[in-house]
Amino acid sequence: MSSADRAPHRSVLVLALGGTIAMTPTASVSGVTPTLTGSDLVAAIPGLQDIAVTAEDFRKLPGASLTNSDIVDLVCRLEHANREGVDGIVVTQGTDTLEETAFLTDLYYRGSAPVVFTGAMRSAASAGADGPANLLAAVQTATCTRAREHGVLVVLGDEIHAARHVRKMHTTSPAAFSSPATGPLGHLVEGTARLQHPLQRIGPVSLPLSAPSEVEVVTASLGSSGILLEGLDGKVSGLVVAAFGVGHVPQTWVPRLETLAASMPVVLASRIGTGPVLTSTYAFPGSESDLLSRGLIAAGTLDPYKARLLLIAHLAAGTPRPEIAKAFLDYR
C-alpha cells in the first residue's frame, strides 16, 4: 500500500452547491432546506491550519434540482480555477444526484488539479452530522498530489471512490456510498489520503455545442408490454434501456427497440447496476446478442444512469454515432 502525504500550505477551493450538507431547519417550514454558505461549512471544520481554503457559493439547491447545464457551468468554473493555479477543488452538494454529477464532471473536466465531490447524509443540525468530517476528508484528499492521476473523486465516510464506479446504495445510512464492483480507491488515514488502486483517466468529452439532448431511461420489468417505448421517436434524441440481468428484455420489446435504434442511439444497460452487459452469450429473441445485432449499443459496466449521461454528453458534443458506440468501449 502506498500513500502520499499532504504538502503543507496548499490551496483548496470549495464550491458549494447546496444539498443536505448545507441544510438546517427554518421557522417557515417543518423540514430542513439549504441555508448554509460555503464559508459556513468551512468555518465548522477544525484541522485546516496548513491549508488555504477559499469557499464560493456556486448554487444553493437540493441535489434533485441540479441540472446538466449546472454541471457544465461547474466544469467551466473548475477549469478556470485550475488555470489560476489552485492545488485542489472540493465540490459540496446533495447526495441524491452526487454519483451522477461527479460522473458527468469526470466526463468533461480536463484540468490537472484534483476535483473531489462530497456531501452529507445528515443535515448540519442533526445529531452526528457527517458533513464536517466528510468536507475535511475531501479537502485532505484534494491536497494529495497522487489524486491528480485518478480523475474526479468522491469522498464520504473516509472512503475515496472513483466517480465512474461510485453509487449511492442506501437511502439514509451515513455509509450510503460504495463502489460495489471495484471497492474504494483508497481511504483517509490520520488525515492522509492513501490511494491503493491506480485508475487510468479516460479522455474527456468535448463541452456541449448545443443544449443537452433529451435522453430517457426505460426499465424492463416482469410482464411489461413496453408501452413506454411508444411515441419516443421524435421526442427524444437517445434512449437507455435498463434491461434484465446481462442485457435481456421481453421478446415483445424487440420490434420497437429495433425501430428506435434505426433512428437514434439506443444503449443497452443492466438494471442491476453492477457487472457488465454481455455481448455474445445468449441468442434468444430479446437477448443481448439479438439486441446488439439490431443496432443497440452495449453500455459495458456503466449503470443505466451513468450510461445516460455519457450518451447525453456525446450527443450534445455532436459526436458521430459510430464514435458514440466506440466511447462505450472504454467502460467494458
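Above this note sits the structure.
Going along each chain's sequence as written, the residues are numbered from 1 onward. Local features in a predicted model are, by the rule used here, given only for residues with pLDDT of at least 70; side-chain atom pairs are given and counted only at 80 or more, and totals for whole chains, interfaces and linings are based on all residues. Excluded from the side-chain calculation are hydrogens and water; included are all heavy atoms of the structure.

Chemist: I keep staring at the packing of helix H7 (residues 304-316) against helix H8 (residues 321-328) and nothing clicks. Help me out?
Modeler: If you want to describe how two helices pack, look at the angle between their axes and the distance between the axes. Lines are fitted to the C-alpha atoms to define the axes, a helix being fitted only along its stretch in contact, and any angle between axes, read from their N-to-C directions, falls within 0 to 180 degrees. Helix numbers and strand numbers start at the N terminus; a helix is a DSSP run of H or I with at least 4 residues, a strand a run of E with at least 2. Viewed as axis vectors pointing N to C, H7 and H8 meet at an angle of 145 degrees, and their least axial separation amounts to 10 Å. Our pair here, H7 against H8, has a crossing hand that is right-handed. Here H7 contributes Ala-307, Leu-310, Leu-311, His-314 and Leu-315 to the contact with H8, which in turn contributes Ile-324, Ala-327 and Phe-328. Each residue gets one of three labels, nonpolar for Ala, Val, Leu, Ile, Met, Phe, Trp, Tyr, Cys and Pro, charged for Asp, Glu, Lys and Arg, and polar for the others, Gly among them. Of the residues assigned to the contact of H7 with H8, the class counts are 7 nonpolar, 1 polar and no charged. In this scheme the handedness of a crossing depends on how the near helix is turned from the far one: anticlockwise by less than a right angle means left-handed, clockwise means right-handed. By the convention used here, residues are in contact when the closest approach between their heavy atoms is within 4.5 Å.

Chemist: Help me out: how do you make sense of the layout of surface pockets in this one?
Modeler: One way to see where empty space is left: roll a probe the size of a water molecule over the atoms. Put simply, the largest pocket is a space of about 230 Å³. As for the largest pocket, its lining consists of 19 residues, of which Arg-164, His-165, Ala-181, Thr-301 and Leu-302 are closest to the centre. Residue classes in the lining of the largest pocket are distributed as 6 nonpolar, 7 polar and 6 charged. Size it by volume and the second largest pocket reaches roughly 180 Å³. Method remark: on a 1 Å grid restricted to protein atoms, a set of points is classed as a cavity if a 1.4 Å probe fits but cannot get out and as a pocket if it is open with protein on both sides within 12 Å along at least five of seven lines; lining residues have an atom within 4 Å of a point. What lines the second largest pocket is simply Thr-279, Leu-292, Leu-296, Ile-297, Ala-298, Gly-300, Ala-325, Phe-328, Leu-329 and Arg-332. Grid points are joined across faces, edges and corners, and a volume is the space filled by probe spheres set on the points.

Chemist: I tried to follow the side chain of Asp-106 on my own but got confused; where do I start?
Modeler: Within the fold, Asp-106 resides in helix H3 (residues 98-108). Exposure classes here rest on a 1.4 Å probe applied to the protein chains alone. A residue is buried below 20% of its type maximum, exposed above 50%, and partly exposed in between. His is not counted here, nor are the chain ends, while Lys and Arg score as positive and Asp and Glu score as negative. The salt bridge criterion pairs a side-chain nitrogen of Lys or Arg with a carboxyl oxygen of Asp or Glu, the two atoms within 4 Å. Among buried charged residues, Asp-106 stands out as having no salt bridge; its nearest opposite-charge side chain is Arg-164, 4.5 Å away. The term polar contact refers here to a pair of N or O atoms within 3.5 Å; inside protein, the definition further demands a hydrogen-donor-capable atom paired with an acceptor-capable atom, and it admits residues adjacent in sequence only when both atoms are side-chain atoms. Only 3.0 Å separates the side chain of Asp-106 from the backbone nitrogen of Val-152, close enough to count as a polar contact. Non-local contacts of Asp-106, meaning those with residues more than four positions away in its chain, are made with Gly-151, Val-152, Ala-163 and Arg-164.

Chemist: Just to check I follow, could you spell out H8 for this structure?
Modeler: Three- or four-residue spacings in an α-helix give side chains the same orientation, since the helix completes a turn every 3.6 residues. Residues Ile-324, Ala-327 and Phe-328 constitute the buried set of H8. Looking straight down H8, one finds its buried side chains confined to an arc of 100 degrees; they lie on one side. On its buried face, H8 sits against strand E15 (266-270), strand E16 (297-298) and H7. To be clear, the arc concerns the directions from the helix axis to the C-beta atoms.

Chemist: Explain the sheet that holds E16 to me, please; I cannot follow it from the model alone.
Modeler: Within a sheet, each strand pairs with its neighbour through backbone hydrogen bonds, oriented either parallel or antiparallel. Spatial ordering of the open sheet is given by E13-E14-E15-E16, a layout of 4 strands whose pairing is parallel. If you trace the sheet from one side to the other, it starts and ends with strand E13 (215-219) and E16, each paired once. One ladder, built from 2 bridges, connects E15 with E16; its direction is parallel. Counted as the bridge partner of Val-267 is Ile-297 from E16. The rule for pairing is simple: two strands pair if DSSP sees at least two bridges between them.

Chemist: Got a minute to help me understand the nonpolar core in this structure?
Modeler: Generally speaking, a soluble globular protein has its nonpolar side chains buried in company with each other. In this structure, Leu-74, Ile-89, Phe-117 and Phe-328 are the most contacted members of the largest nonpolar core, which totals 51 residues. Looking at which element gives the most residues to this core, the answer is H7, with 7 residues. Apart from the residues within four sequence positions on either side, Ile-89 is in contact with Leu-13, Leu-15, Leu-78, Ala-81, Tyr-109, Pro-114, Val-115, Val-116 and Ala-142. Only buried residues count toward a nonpolar core. Its members are Ala, Val, Leu, Ile, Met, Phe, Trp, Tyr and Cys residues joined through side-chain atoms within 4.5 Å. Residues Ala-137, Val-139, Val-155 and Leu-185 belong to the second largest nonpolar core, which totals 29 residues.

Chemist: Just to check I follow, could you spell out the sheet that holds strand E1 (residues 10-18) for this structure?
Modeler: With respect to topology, 8 strands assemble into an open sheet ordered E4-E1-E5-E6-E7-E8-E11-E12, the strand pairing being mixed. Two strands in the sheet have a free side with no partner beyond their single neighbour: strand E4 (51-61) and strand E12 (192-195). Going from strand to strand, the sheet's axes swing by 25 degrees on average, the running direction of each strand aside. Pairing between strand E7 (residues 153-156) and strand E8 (residues 159-162): 4 bridges, direction antiparallel. Its bridge partner lying in E8, Val-155 is registered against Ile-160. The strands touched by H3 within the sheet are strand E6 (115-118) and E7, with E6 carrying the most contacts at an inclination of about 170 degrees. Where helix H4 (residues 131-142) meets the sheet, it contacts E1, E4, strand E5 (88-92), E6, E7, E8, strand E11 (186-189) and E12, and its direction lies at approximately 155 degrees from that of E5.

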